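Listed here are the chains, written in short residue letters.
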Amino acid sequence: MNNNKLAELLFSHITKTPADYEAMYPGRDLPEGAKVTRLGPSPTGFIHLGNLYGAFVDERLAHQSNGTFYLRIEDTDDKRYVEGAVETIIDSLKFFNINFDEGATKEGEQGAYGPYFQSDRGELYQCFVKELVKKGEAYPCFMTEEEIAKVRETQEQAKENPGIYGKYALSRDLSLEEIEANIQAGKPYVVRLKSGGNVADPAEISVEDGIRGTLTMPENCQDVVILKATGIPTYHFAHVCDDHFMRTTHVVRGEEWLSSLPIHVELFTRLGFALPIYCHTAVLMKLDENGNKRKLSKRKDPELSLDFYREMGYHPMAVREYLLTILNSNYEEWRIENPDIPCESFAFTMEKMSNSGALFDLNKLNDVSKDTLINVPAALLMDFFKSWAKEFRPEIYPLLDGHEDYVEPILDLGRSGNKPRKDFICASQMFDFIRYFFDDYFEIEDAVPEETGTEEVKAILTAYLDSYDHSDDQSAWFDKVREIATTLGYAAKPKDYKKNPDEYKGHVGHVSTVIRIAIVGRSQSPDLWEIQQILGETRTKARISAFIQA
RNA sequence: GUCCCCAUGGUCAAGUGGUCAAGACGUAGCCCUCUCACGGCUGAGUCAGGGGUUCGACUCCCCUUGGGGAUACCA
């Protein structure tokens, strides 16, 4: 059969040659060792933690080596396109400080290796499909859905591998005349790779993975679809063409791609392209209802969408820190030794990446978050808190905006010194933690301790109010509390009370708890004296009076 | 079913033939202390099972088991 004739029959409109594209996209002019990575999301919906996890690897690899990190939109599946998804992807990643050097942007495309939307690259793909057809390594396939289903059924019964290959590839050896007739008849067709794999006895191939080391697997034997009936390539084919011509050096992707690696290897080989370095990352997992690990899915796990973290008010730096701790096992120790320097200074390596899927651990994130926020200066924390409130809690925003002088010290309360408080995890929790500072949100939440009883409360608070002097320093203030305690028959020190519980009604801690409840509404809080200083004399006294009257 | 990947405490993990099997989160107790946090100390808790190889296996090989993924004109 005349392959050139077939190629012209199928792709008469393609006039460019492979050499044209090689010239159009020359190798990148980058320093030695620079890595070129890419993120290739499909614009199907919302990006989740797993995507961010992978994006970090790409970003670090590229930027650590003075390379290039670009965004390519893989929109070859027209059925799944969601409006506005590209903007969402860019914004979400930007929020977490993942920035691209080239590719799709909100303002259009940037860079010399575009177009960066696969849907705009049809001509390039078809040129290379045509090339394969010319070499007799690809062919049009007219099999109908019914025929394919029937083949699968036969294969299942015979316990053979499913798929279109060898004798099951019904269109593999059609003559030019038959093909012409089919096309004349308007029959739809896809283009399949004519796999060179040995069906009966597949050879073993091995690939060096950047993360996993040597991978060995059987060669591909499947006549996979490379061009759909619509003329759009499948992911497999687009990946190979794009990563070659965009001069990607490292392909970072989830381990779910491992099993299609042989297909990609065959395609690279047949096209005469050099293989990039594949880096197959472990996938983030979560525990399902049955206690099994499960891959994070954006449909089933909305709480793990990036928006969840934004809504909860996790600081982007905290999420970064957490991801880095699970991405590189030596990061945590590095961080303990270097608490104050940016995470970009850490030497990220593929070797330190785990091969097994990590379970997402909210506990750990919270802990990392506390340590991260302690290093965020109050003014910046204020900004972060405000912008979170503006977007997610507009009703509290007016309490913050314009009241920075009041709120900032609240956020900074107890954070100085060598044993700083680590109260804050995320913005929503922050607000809950400090809301008693705002009269509209102040309420009595806890009961007074048994030791004082309700009758004693009045006596304590009246004495407290009488002796209250807003200008007292912290120790003078607490001396007075002790005095009230002893006068009323409470031990000045908890230890005294523990030694002789019968001699006292309780201890100074019980007395100060009463005061604390009156002022903050809760039995637990940071240092009361500092809280009073922030609240101011008027508000402090008013709350005590109100509690006495209640 | 077939193919591929993975396997150290509840979680994340160090470990590459000889270790009392690091560390972090969580958890229990204690200390500090007016509460809570912070910090400090102490404890409980792990090499999935079975065969080999070896003087010696968490470490190397095989099998089993378990988990994950792929098996699309989705990516």
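Visitor: When you look at the pattern of salt bridges in this model, what are you seeing that I'm missing?
Guide: As enumerated under the stated definition, the model contains 36 salt bridges in all. Ionic pairing is found between Arg72 and Asp243, a salt bridge with its closest N-O pair at 3.1 Å. One end of the pair, Arg72, is in the loop between strand S2 (68-71) and helix H4 (85-95); the other, Asp243, is in helix H8 (residues 235-245), and 171 residues separate them in sequence. This pair shows no difference in class: Arg72 is buried, exactly as Asp243 is. Glu391 is the partner of Arg310 in a salt bridge, and the nearest nitrogen-oxygen pair spans 3.9 Å. Taken together, the residues Arg310 in helix H10 (residues 306-312) and Glu391 in helix H14 (residues 378-392) connect sequence positions 81 residues apart. It is possible to trace a salt-bridge network through shared partners that takes in Arg38, Arg72, Glu74, Arg121, Asp242 and Asp243.

Visitor: Any chance you could explain the nonpolar core here in plain terms?
Guide: Soluble, globular proteins show a tendency: their nonpolar side chains are buried together. If you look at the biggest cluster of nonpolar residues, it comprises 50 residues, and the most contacted ones within it are Phe385, Leu411, Phe437, Leu461, Tyr464 and Ile515. At eight residues, helix H21 (residues 508-520) tops the list of elements feeding residues into this core. Those residues in contact with Tyr464, other than ones at most four positions away along the chain, are Trp477, Val481, Ile484, Ile515, Ile519, Gln532 and Ile544. In terms of nonpolar packing, the next biggest core, distinct from the first, is built from 48 residues, Leu10, Ile179, Val240 and Tyr278 among them.

Visitor: It is not clear to me how the protein's contact with RNA strand B should be interpreted in this structure. Could you clarify?
Guide: Around RNA strand B, a shell composed of 59 residues is seen, among which Thr76, Arg212, Lys228, Glu332 and Arg421 lie nearest. When the atoms of RNA strand B within 4 Å of the protein are sorted by group, sugar and phosphate make up 69%. Side-chain polar atom of Arg421 to a base oxygen of RNA strand B: 2.4 Å apart, as the coordinates give it. A distance of 2.9 Å separates a phosphate oxygen of RNA strand B from a polar atom in the side chain of Lys422. Taken together, the elements giving at least two residues each to the surface near RNA strand B come down to strand S6 (190-193), strand S8 (213-218), strand S13 (293-295), helix H12 (331-337), helix H13 (362-373), helix H19 (474-487), helix H20 (494-499) and H21. It is H21 that contributes the most residues to the surface near RNA strand B, four residues altogether.

Visitor: Would you mind showing me how to read empty space enclosed by the protein here?
Guide: The gaps left among the atoms become clear once a water-sized probe is rolled over them. Overall, the coordinates contain three cavities of 30 Å³ or more when judged by the stated rule. For the largest cavity, the calculated volume is near 110 Å³. Lining the largest cavity are 16 residues, with Leu411, Leu413, Arg415, Asp423 and Phe424 positioned closest to its centre. At the level of secondary structure, the elements contributing two or more residues to the lining of the largest cavity comprise H13, helix H16 (404-411) and helix H17 (427-434). Residues that form the lining of the largest cavity fall into these classes: 11 nonpolar, no polar and five charged.

Parameters at a glance
Residues numbered from 1 in each chain as written. Chains lettered and ligands numbered in written order. Predicted model: local features only at pLDDT ≥ 70, side-chain atom pairs only at ≥ 80, totals over all residues. Heavy atoms only, no water. Salt bridge = Lys/Arg side-chain N within 4 Å of Asp/Glu carboxyl O. Helix = DSSP H or I, 4+ residues; strand = E, 2+ residues; numbered from the N terminus. Buried < 20%, exposed > 50% of the residue type's maximum accessible area, 1.4 Å probe, protein only. Core = buried A, V, L, I, M, F, W, Y, C linked by side-chain atoms within 4.5 Å. Contact = heavy atoms within 4.5 Å. Near = heavy atom within 4 Å. Polar contact = N/O pair within 3.5 Å; in protein donor to acceptor, adjacent residues only side chain to side chain. 1 Å grid on protein atoms, 1.4 Å probe; cavity = no way out; pocket = protein on both sides within 12 Å on 5 of 7 lines; lining within 4 Å. Points joined across faces, edges and corners; volume = space filled by probe spheres on them. Nonpolar A, V, L, I, M, F, W, Y, C, P; charged D, E, K, R; others polar.

Fair warning: the whole summary comes from geometry, so function is off the table for now.
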